[in-house]
Amino acid sequence: MRHWPLTQLTLTTPDLLLRVPNDEQLDELAQVAADGVVPPGTVYFPQPWASGSPDEVARNVLQNHWWARGDWREDNWRLLLAVLLLPDGQVIGQQNLSARSFSVTREARTGFWLGRRFQGRGYGTQMRAAALHLAFDNLGAERVVSTAFADNHASLRVSEKFGYEPNGIRRLALEGRLVKAHDGAITAAGWRSRPQQSTQINGFTECRHMFGLPAAAEPVDVVSHL
Ligand SMILES: CC(C)(COP(=O)(O)OP(=O)(O)OC[C@H]1O[C@@H](n2cnc3c(N)ncnc32)[C@H](O)[C@@H]1OP(=O)(O)O)[C@@H](O)C(=O)NCCC(=O)NCCS
């Protein structure tokens, strides 16, 4: 799509392709969510989008994507990428990267989820790595943060593997019960101090201005760390 250059952005990891979904992929993503993301009765997100009936969950996914696109501003953006399994392109989950006033703060936030049947195979780690590549190597982030609830061991472990530093615990009331939200943060120096997976990023030059960055920049369209 010429006038929404984010559609040209692709992040390729050893097993995955991350991109803004077209309508067909978005519909598939909604179905993956409807089929289940969290174990029944579990709350892993501050907004209960993954709870409710399958129809409600699917609609939450669609509306979240439309809202993120409609509400996109250079100083307040939410990039919601569908995660496709290579080589066939089966949609399996979603990776988010968001920021407010990024050109000033140089801080972004990640979030992610996979359909239950695709969890525990290392894909979440690849998704996070791809988002960190985009944030640090293309966007020039100085810090990336994420939050996971105390009982979300898989999410906490993914952050731990990348060397995130604990950044406090917040006490939230969700559906009438106490939830402890563990914040974590990783700096650009922390990111660069560790070996990284190979991630190829294409189409970034065309859309870098959408993130509130100056159009002219060094050529960082393809980033590959071995
Ligand atoms: C969180 C999520 C995206 C992680 O993706 P994933 O593909 O399952 O994660 P990976 O397989 O890459 O890695 C998970 C790590 O956690 C570990 N892990 C998983 N469950 C665990 C548990 N109960 N206790 C301890 N470690 C656990 C795995 O062993 C692995 O670590 P390792 O590589 O050192 O063995 C995925 O599990 C998911 O979608 N969960 C439901 C939605 C969600 O919680 N989203 C995040 C909200 S903050």
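Each remark here, short or long, concerns the structure printed above.
The rules we used
Residues numbered from 1 in each chain as written. Predicted model: local features only at pLDDT ≥ 70, side-chain atom pairs only at ≥ 80, totals over all residues. Heavy atoms only, no water. Near = heavy atom within 4 Å. Polar contact = N/O pair within 3.5 Å; in protein donor to acceptor, adjacent residues only side chain to side chain. Areas by Shrake-Rupley, 256 points an atom, 1.4 Å probe, with all protein chains shown as cover. Helix = DSSP H or I, 4+ residues; strand = E, 2+ residues; numbered from the N terminus. Salt bridge = Lys/Arg side-chain N within 4 Å of Asp/Glu carboxyl O. Buried < 20%, exposed > 50% of the residue type's maximum accessible area, 1.4 Å probe, protein only. Patch = residues over 30% accessible without salt bridge, like charges linked within 9 Å, V, L, I, M, F, W, Y side chains within 5 Å. Lys, Arg positive; Asp, Glu negative; His and termini not counted. Charge placed at Lys NZ, Arg CZ, Asp CG, Glu CD.

### Observations regarding the site of the ligand
Consideration 1: Neighbouring the ligand are 22 residues, the closest being Phe 112, Leu 114, Thr 125, Asn 152 and Lys 161.
Consideration 2: Contact distances for the ligand include 2.8 Å between an oxygen atom and a backbone N or O atom of Gly 124.
Consideration 3: At 2.9 Å, a side-chain N or O of Arg 157 approaches an oxygen atom of the ligand.
Consideration 4: Here the ligand loses 72% of its free accessible area of 950 Å² to cover by the protein chains.
Consideration 5: Mapped by element, the contributors of at least two residues to the shell around the ligand are strand S5 (107-114), helix H4 (123-138), strand S6 (143-149) and helix H5 (153-162).
Consideration 6: It is H5 that contributes the most residues to the shell around the ligand, six residues altogether.

### Some details on the pattern of salt bridges
Consideration 1: Counted under the stated rule, the structure contains six salt bridges.
Consideration 2: Between Asp 183 and Arg 170 there is a salt bridge; the shortest N-O distance is 2.7 Å. Taken as a pair, Asp 183 in strand S8 (residues 177-187) and Arg 170 in strand S7 (residues 165-174) lie far apart in primary sequence, 13 residues in all.
Consideration 3: On the basis of relative accessible area, Arg 170 is assigned to the partly exposed category, the value being 38%.

### Quick notes on a negative patch on the surface
Consideration 1: Negative charge collects at one region of the surface, where Asp 23, Glu 24, Asp 27 and Glu 28 lie side by side.
Consideration 2: Within the secondary structure, Asp 27 is located in helix H1 (residues 23-34).

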